[in-house]
Amino acid sequence: MAGLKITGWGTALPERVVTNEELAKQVDTNDEWISDRTGISERRIGGTTAGLGADAGRMAMERAGVDPSSIDLLILATTTPDRRVPATASTIQHQLGLDCGAFDLNAACSGFMYGLTAAHGFMRAGMERILIIGAETLSVITDWTDRNTCILFADGAGAVVVDRTEDDGDVLGFSLSSDGSLEDVLYCDHGGFLEMNGREVFRKAVLVMEKAGREALKQAGLEASDIDHVIPHQANIRIIEASMKRLGIPMDKAIHNLHCTGNTSSASIPLAMVNGIDEGRIHERDLVLMVGFGAGMTSAAAVVRWSVEP
Ligand code: COA
């Protein structure tokens, strides 16, 4: 059966760096507390979702060596579209000179994984090349006077180009879930700011990360011990540590860069993925478990066999 392979990748981060020390001048917090409890030292903010998404998408197409005219579909995972209408995907489609369908997908911080899974299905439906972007400007919906949330969230974008393969492709197994009964633990009303019950999100996140990871592994017919790298959603280093423990995968297999990006929601997994590639950690044939969770509460995981030498 047809599938997809990842052939190009790109990222974009705003220039403006906000350090923990800078936040400590605005709210009652300090660098030591934020670093210890979250693993975050600094984050980037600024720009628009379309601007960041287009920059990451352009880089991904350049790295894949493909022409914008060859893209059949643009999927933008975002929880912070620039406007309510139209979809920010359409703005990016125009900025990149794509001649294809484009839509926004909101599954909160699991968005990029939902996008990858959707692309897998579109390939089986006959498409040839898809650009998947995760892009966010969470700074716009963050209350910078609320120490509960402003220490966590940030802006950025990551993107991949995926090509159709005639064999099963890179995605060996996946899992998607949502539990709307938990919507009040993390939400943002129209015109409002992110509201969060941090302890509850933490507790549930660890459970859904394990469940999603195990389901994707089972579908792939693999064991946790087969996995070479885990690319988890970059929300909190302690959530990553606890999830890795529950999955029975050593922490040194986790790829993380949240110390310098913060939580960028849909952008976080592709940002960490490209970081892992740039550091020379991911190689052809490696088995990678990507697993995310987010408001909803959603979760999403995929086991990917990396098929191109980065
Ligand atoms: N700076 C300094 N102190 C803070 C603080 C801050 N930003 N936020 C809370 N505190 C204090 C509390 O007042 C409390 O003090 P007390 O013990 O004197 O009462 C203490 O630190 C512990 O608070 P608590 O809320 O239990 O902290 P925590 O260990 O749960 O950490 C989070 C808070 C938000 C970092 C953590 O719960 C978390 O990361 N949750 C998941 C959030 C997440 O990932 N959201 C996105 C999902 S996609």
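Structure: see above.
Residues numbered from 1 in each chain as written. Predicted model: local features only at pLDDT ≥ 70, side-chain atom pairs only at ≥ 80, totals over all residues. Heavy atoms only, no water.

## Comments concerning the site of the ligand
Part 1 of the reasoning: Neighbouring the ligand are 23 residues, the closest being T29, R37, G198, R199 and N236.
Part 2 of the reasoning: In the model, an oxygen atom of the ligand is placed 3.2 Å from a nitrogen or oxygen of the W33 side chain.
Part 3 of the reasoning: Between G198 and the ligand, the recorded distance is 2.9 Å, taken from a backbone N or O atom to a nitrogen atom.
Part 4 of the reasoning: With respect to the pocket detection grid, the ligand is positioned in the second largest pocket.
Part 5 of the reasoning: If you list the elements that add at least two residues to the shell around the ligand, you get α2 (31-38), α6 (198-220) and α7 (237-247).
Part 6 of the reasoning: In terms of residue count, the dominant contributor to the shell around the ligand is α6 (four residues).
Part 7 of the reasoning: Taken together, the residues of the shell around the ligand sort by class into 12 nonpolar, six polar and five charged. (Near = heavy atom within 4 Å. Polar contact = N/O pair within 3.5 Å; in protein donor to acceptor, adjacent residues only side chain to side chain. 1 Å grid on protein atoms, 1.4 Å probe; cavity = no way out; pocket = protein on both sides within 12 Å on 5 of 7 lines; lining within 4 Å. Sits in = over half its atoms within 2 Å of the grid points. Helix = DSSP H or I, 4+ residues; strand = E, 2+ residues; numbered from the N terminus. Nonpolar A, V, L, I, M, F, W, Y, C, P; charged D, E, K, R; others polar.)

## A closer look at the pattern of salt bridges
Part 1 of the reasoning: Overall, the coordinates contain nine salt bridges when judged by the stated rule.
Part 2 of the reasoning: Several salt bridges converge on common partners, so that one network encompasses E210, R214 and R246. (Salt bridge = Lys/Arg side-chain N within 4 Å of Asp/Glu carboxyl O.)

## What to know about the environment of V206
Part 1 of the reasoning: In this structure, V206 sits in helix α6.
Part 2 of the reasoning: Spatially, the C-alpha atoms of V206 and P81 are 27 Å apart, while their sequence positions differ by 125 residues.
Part 3 of the reasoning: With sequence-adjacent residues up to four places away left out, V206 is seen in contact with I239, A242, S243 and R246. (Contact = heavy atoms within 4.5 Å.)

## Considerations on the side chain of H229
Part 1 of the reasoning: With respect to the secondary-structure elements, H229 resides in strand β11 (residues 229-232).
Part 2 of the reasoning: If near-sequence neighbours (up to four positions away) are discounted, H229 is found in contact with K253, I255, R281, I282, D286, L287, V288 and L289.

## Points about the packing of aromatic side chains
Part 1 of the reasoning: Inspection of the entire model under this criterion finds two aromatic pairs.
Part 2 of the reasoning: Taking the centre distance of 6.3 Å and the plane angle of 55° together, the rings of F103 and F122 count as tilted. One end of the pair, F103, is in strand β5 (residues 101-105); the other, F122, is in helix α5 (residues 111-124), with 19 residues separating them in the sequence.
Part 3 of the reasoning: Overall, F103 belongs to the partly exposed group, its relative accessible area being 28%. (Phe/Tyr/Trp six-rings, centres within 6.5 Å; stacked < 30°, edge-to-face > 60°. Buried < 20%, exposed > 50% of the residue type's maximum accessible area, 1.4 Å probe, protein only.)

## A closer look at the packing of α6 against α7
Part 1 of the reasoning: Look at α6 against α7: their axes get within 9 Å of each other, and the N-to-C directions meet at 40°. Judged by the inter-axis angle, α6 sits oblique to α7. As for how α6 packs across α7, the hand of that crossing is right-handed. Across the interface between the two elements, F202, A205, V206, L207, M209, E210, G213 and R214 from α6 touch R238, I239, A242, S243, R246 and L247 from α7.
Part 2 of the reasoning: By residue class, the composition of the contact of α6 with α7 is eight nonpolar, two polar and four charged. (Axes fitted to C-alpha atoms, helices over the stretch in contact; angles between N-to-C directions. Parallel < 35°, antiparallel > 145°, perpendicular 65-115°, else oblique. Left-handed = near helix turned anticlockwise from the far one by under 90°.)

## Some points on the layout of surface pockets
Part 1 of the reasoning: Taken as a whole, the largest pocket spans an internal volume of roughly 840 Å³.
Part 2 of the reasoning: Partitioning the lining of the largest pocket into residue classes produces 12 nonpolar, 10 polar and six charged.
Part 3 of the reasoning: Those elements that provide at least two residues to the lining of the second largest pocket are α2, α6, α7 and β12 (287-294).
Part 4 of the reasoning: When residues of the lining of the second largest pocket are assigned to their parent elements, the largest contribution, four residues, is made by α6.
Part 5 of the reasoning: Within the lining of the second largest pocket, the residues separate by chemical class into 12 nonpolar, nine polar and five charged. (Points joined across faces, edges and corners; volume = space filled by probe spheres on them.)

## Section: the pairing of strand β7 (residues 155-165)
Part 1 of the reasoning: Among the 11 residues in β7, 10 count as buried, and that is most of the element.
Part 2 of the reasoning: For strand β1 (residues 3-12) and β7, the ladder comprises nine bridges, and the chain directions are antiparallel. The residue bridging T11 from the neighbouring strand is G158, located in β7.
Part 3 of the reasoning: Two strands pair when backbone bridges link them, and strand β6 (residues 129-137) and β7 are joined in this way by nine bridges, in the antiparallel orientation. What sits directly across from I133, in β7, is A159. (Pairing = 2+ DSSP bridges.)

## Topic: the nonpolar core
For soluble globular proteins, the rule of thumb is that nonpolar side chains tend to be buried together.
Part 1 of the reasoning: Ranked by internal contacts, the top residues of the largest apolar core, which has 45 residues, are I227, I249, L289, F293 and V303.
Part 2 of the reasoning: Aside from chain neighbours lying at most four places away, what touches L289 is G213, A216, I227, H229, V230, I231, L247, I249, A301, A302 and V303. (Core = buried A, V, L, I, M, F, W, Y, C linked by side-chain atoms within 4.5 Å.)

## Some points on the pairing of strand β4 (residues 73-77)
Part 1 of the reasoning: Across the five residues that make up β4, a large majority, five, are buried.
Part 2 of the reasoning: The two faces of β4 match: L73, I75 and A77 on one face and L74 and L76 on the other face are all buried.
Part 3 of the reasoning: When β4 meets β5, the two strands line up parallel, connected through five bridges. Paired with I75 across the two strands is F103, which belongs to β5.
Part 4 of the reasoning: Taking the sense of rotation as the criterion, the β-α-β connection linking β4, helix α4 (residues 88-95) and β5 turns out right-handed.
Part 5 of the reasoning: By the bridge criterion, five bridges tie β4 to β6 in an arrangement that is parallel. Pairing of A77 across the sheet is with G134, part of β6. (Right-handed = clockwise from strand over helix to strand, strands pointing away.)

Shape descriptors only; they carry no functional weight alone.
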